[in-house]
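Residue-level structure breakdown
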Amino acid sequence: MEELKKLVEYIKSQSDTEYKQLGLALSSRKNLCIHPEVSKFRIGKEVDGKCHNLTGSSTRAEAKKDASVSLCSFFEVFDTKGREEILPAGIYNLDDLKEYGKSKNYCPYFLARYAITHANIVVYSYPYLLDPKIAELVSRDIAKNSVVIFDEAHNIDNVCIASMSITLTKRYIEQSSANLDALSKIVREMRDRDEEKLRNEYQNLVQGLREAGIRRETDMSMANPVIPDDVLKDAVPGNIRRAEHFITFMKRFVEYLKMRMRVLHSVQESPSTFLKDIKEKICVEKKPLRFCSERLRSLLLTLELRDIQNFSPLTLVANFATLVSTYAVGFALVVEPFDDKISTTAPNPILHLVCLDASIAIKPVFSRFQSVVITSGTLTPLDMLPKLLDFRPVLTASFTMTLARQSICPIIVARGNDQVTMSSKFESREDIAVIRNYGNLLVEMSRVVPDGLVCFFTSYLYLESVVASWYEQGVIDQVLKYKLVFFETQDAAETSIALYNFQKACENGRGAVLLSVARGKVSEGVDFDHHLGRCVIMMGVPYVYTQSRILRARLEYLREKYLIRENDFLTFDAMRQAAQCMGRALRGKTDYGVMCLADKRYARADKRTKLPRWIQEHLTDANCNLSIDEAVLVVKRFLRRMAQPFTREDQLGISLLTYEQLQSEEMRQKIEQRSVQHGN
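Quick caveat: nothing in here was measured; it's all calculated off a predicted structure.

Focus: helix H25 (residues 492–507)
With 16 residues, H25 should reach 22 Å at 1.5 Å per residue; the first-to-last C-alpha distance of 23 Å fits that figure. For H25, the secondary structure elements touched by its buried residues are strand S12 (452–457), strand S13 (484–487), strand S14 (512–517) and helix H26 (521–525). Once H25 finishes, glycine 509 follows within two positions and takes phi at roughly 90°, a positive value.

This is the structure:
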């Protein structure tokens, strides 16, 4: 948003006419809430729940009868006055929205939701458009002729799959049983008190879900997953129309899930096999399962519950029922007796409904919007993503990076000074000599590289194993002579503290090393500007855990439907993660840094050619098979060259263009020559 502000200011300065644009960032309630009590909560679900308690339609209806019922004054003022006003032109980040909300006593969250309809530019995260449970609530009113840009889209296929996948644990199943018992009690009470509401809901459900589903923007009813339009038009099956019958139906389904989760070894099956088994075991048909998600949503709206967030486990089970009965292809069910993330042998069964086809989630975006742009600095090879998302690009383009000096130094360190090959492959990752050489590389780089150094490992498990060996070998003590050492952990709060202190150590001149993990928080969302990241080391090739049954199912599906070989996808996935880690070293035209790929396999053609073009251009053959000492010499020479004075004038005409240069025919031809375009 800050870059957009600068761009708009520049356009205004260069234009004689008045230039008005409305751009805003949209985030969750947690990041936009200004209510003095609700904003104290730090967990998103808690904030959502408290917000619903103050703004839900049932709460507001109750407040009209009872003045003691608390409401959100910010939402009430916005609902009364804010909808009649149009947000003034300008660029609003999250802080700007909160400040404007405070000045007007408007709720910033609902203000942003409302302003989307007339904004020129909207910036938000992928799930707001790709996750069907969120997109229908937030993005349904965006114009069809809008241009959709997915930036940093190297992992967009994984986001699509995550948005359509559901994981049920034993705890969730138990909680959903408790939810059903609570619903049953509430329905009995309502039938005694206000049977007319339940009767009206029944009549609406006979007409179809579309008539029954009245959208209320403040109600936290979860939108249904992507389901065929005929389900919304069709009448709800008779055996789940009455509230009591639906609750009984869901209880049978939950008991069946409990039975299916009693396994001693991993089980994988298709949705068709699952539906056949459930029909044989408890006589449940496919059709009523398809309606579970919307039927539950309708019931929760009718009951007008205040603490609707407490029913999220049951909502998850209903979404599971809808998805498993809707999609026969592109999904798989995997039941595992233990959680791989927890090192315990105690039974902890998990039921995964895994989406194997990323195109299912993004297909509505492609069909709805006329122009969709997918872009990333680490999106290579370009032909893989259209296969994964099942679309035919109109235009594919790869651009180089325009730099006034060679400000990146990619090197491949393949061996130690003892000539032992360096690699993180399974056969050699426990080898003491390999671990010692990785430690020597870190010590030497810490010695010659100033300020900040970031080191990435292939997994948290490998990081812990290597660091434990380094403590025994004295490597950590040697590194501490030159820099402080910080670690990324799976705990977000600990990682945030580590990043803060890492930055502090770099700022005061002590220097620091951050040991991180590919696919972690640091590799995806943290910028190491200038002195914070003068060198990035990738210890090994970050292949995903290949023994995962979920991954095996996806690889098999990709091979059968899209003819993508397992090794091609695994290499593509590993190299985009490695490139993302390497990109932390260069965050601007005046920045510079060393990119060290510490694994002999990076020198192979199948790995090297899958690096982004802007890295390949600076990776010479001479730097592709270095020992540690040779790498140190290359890095010293590079850093000495980068230490020379470098001014803005040195960039003019090369990486920075004046307005006159940009308009010249010669420069236009040069720009066209720098891009490689393939039109289909």
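Now that the structure has been shown, the text picks up again.
Focus: unusual backbone geometry
Across the chain, the bulk of peptide bonds are trans and the bulk of non-glycine residues have phi less than zero. Unlike most non-glycine residues, glutamate 152 shows phi in positive territory, near 50°. With respect to the helices, strands and loops of the structure, glutamate 152 is situated in the loop between strand S4 (147–150) and helix H10 (156–164). The partly exposed category is assigned to glutamate 152, whose relative accessible area is 40%. Backbone geometry places glutamine 419, a non-glycine residue, at a positive phi of 70°.

A word on the sheet that holds strand S7 (residues 331–336)
What the four strands build is an open sheet, ordered S5-S8-S7-S6; its pairing is antiparallel. What marks the edges here is a single partner per strand, and that holds for strand S5 (166–169) and strand S6 (267–269). Mean inter-strand twist for the sheet, computed between neighbouring axes without regard to direction, equals 15°. Sheet strands in contact with helix H19 (residues 312–326) are S5, S7 and strand S8 (350–355), and its direction is about 130° off that of S5.

So, the pattern of salt bridges
In total, this model carries 33 salt bridges according to the counting rule given. With a closest N to O distance of 3.9 Å, lysine 258 and glutamate 174 form a salt bridge. Here the residue lysine 258 occupies a position in helix H15 (residues 243–260), and glutamate 174 occupies one in helix H11 (residues 170–193), the gap between them amounting to 84 residues. Look at lysine 258 and you get buried, because its relative accessible area is 18%.

Thoughts on the sheet that holds S14
Read across the open sheet, the seven strands follow the order S13-S14-S12-S15-S16-S11-S17; overall the sheet is parallel. Edge positions in the sheet fall to S13 and strand S17 (626–627), since each of these pairs with one other strand and no more. Looking at chain direction, strand S11 (residues 408–415) and strand S16 (residues 593–598) are connected through five bridges and run parallel. When the sheet's bridge partners are listed, isoleucine 411 is paired in S16 with cysteine 596. Contacts from helix H22 (residues 432–448) reach S11, S12, S14, strand S15 (535–539) and S16, with the element oriented near 180° to S15. Against the sheet, helix H28 (residues 566–582) makes contact with S12, S15 and S16, and its axis sits at roughly 155° relative to S15, the strand it touches most.

Description of H28
When the terminal C-alpha atoms of H28 are compared, their 24 Å separation across 17 residues agrees well with the 24 Å that a helix rising 1.5 Å per residue should span. Of all 17 residues in H28, 14 are buried, a share of seventy percent or more.

Structural notes on the packing of aromatic side chains
If you walk through the whole model with that rule in mind, you get 18 aromatic pairs. Taken together, a centroid distance of 6.3 Å and an interplanar angle of 70° make the contact between tyrosine 592 and phenylalanine 638 edge-to-face. With a gap of 46 residues between them, tyrosine 592 in the loop between H28 and S16 and phenylalanine 638 in helix H31 (residues 628–642) connect regions that are remote in the sequence. Residue tyrosine 592 is classed as buried on the basis of its relative accessible area, which comes to 13%.

Some remarks on the confidence of the model for the protein
Averaged over every residue, the pLDDT of the protein is 85; the share at 70 or more is 91%. Below a pLDDT of 50 lies the segment residues 211–226, which in the model reaches 57 contacts outside its immediate sequence neighbourhood of four places, other chains included. Taken as a whole, residues 676–680 scores under 50 in pLDDT and shows 14 contacts with residues more than four places along the chain or in a different chain.

Details of the pairing of S5
By the alternation rule, side chains of S5 split into Ile166 and Leu168, which are all buried, and Thr167 and Thr169, of which none is buried. Here S5 pairs with S8 via four bridges, running antiparallel. When the bridges of S8 are listed, isoleucine 166 appears paired with leucine 353.

A short note on the packing of H22 against H31
Running from amino to carboxyl end, H22 crosses H31 at an angle of 20°, the nearest separation of the two axes being 10 Å. Compared by their axis directions, H22 and H31 come out roughly parallel. Judged by the twist between their axes, the crossing of H22 over H31 is right-handed. Only Ile628, Ala631, Val632, Val635, Lys636 and Leu639 of H31 make contact with H22, whose side of the interface consists of Asn437, Asn440, Leu441, Glu444, Met445, Arg447 and Val448. When grouped by side-chain class, the residues that make up the contact of H22 with H31 number eight nonpolar, two polar and three charged.

Conventions used here
Residue numbers here run from 1 along each chain, matching the order of that chain's written sequence. Local features in this predicted model are restricted to residues of pLDDT 70 or higher, and side-chain atom pairs are both shown and tallied only at a pLDDT of 80 or more, whereas totals for entire chains, interfaces and linings draw on every residue. Processing note: side-chain calculations cover all non-hydrogen atoms of the structure and skip hydrogens and water entirely. The helix and strand labels rest on DSSP assignments: H or I over at least four residues marks a helix, E over at least two residues marks a strand, and numbering proceeds from the N terminus. What a helix should span is 1.5 Å times the count of its residues minus one. Only heavy atoms matter for contacts: two residues are in contact if any of them lie within 4.5 Å across the pair. Using a 1.4 Å probe on the protein chains alone, a residue whose accessible area is under 20% of its type maximum counts as buried, one over 50% counts as exposed, and one in between counts as partly exposed. By the convention used here, strands pair only if DSSP detects at least 2 bridges between them. Lines fitted to C-alpha atoms define the axes, with helix axes restricted to the stretch in contact, and inter-axis angles between N-to-C directions lie between 0 and 180 degrees. We count a salt bridge whenever a side-chain nitrogen from Lys or Arg sits within 4 Å of a carboxyl oxygen from Asp or Glu. Put simply, two rings from Phe, Tyr or Trp (the six-membered ring, in Trp's case) pair if the centres are within 6.5 Å, and we call them stacked under 30 degrees between planes, edge-to-face over 60, tilted for the rest. Every residue carries a pLDDT, the predictor's confidence in it, which falls somewhere between 0 and 100. Roughly parallel means an angle under 35 degrees; roughly antiparallel, over 145; roughly perpendicular, 65 to 115; everything else is oblique. A crossing counts as left-handed when the near helix is turned anticlockwise from the far one by less than a right angle, and as right-handed when that turn is clockwise. Residues are sorted three ways: Asp, Glu, Lys and Arg are charged, Ala, Val, Leu, Ile, Met, Phe, Trp, Tyr, Cys and Pro are nonpolar, and all the rest, Gly among them, are polar.

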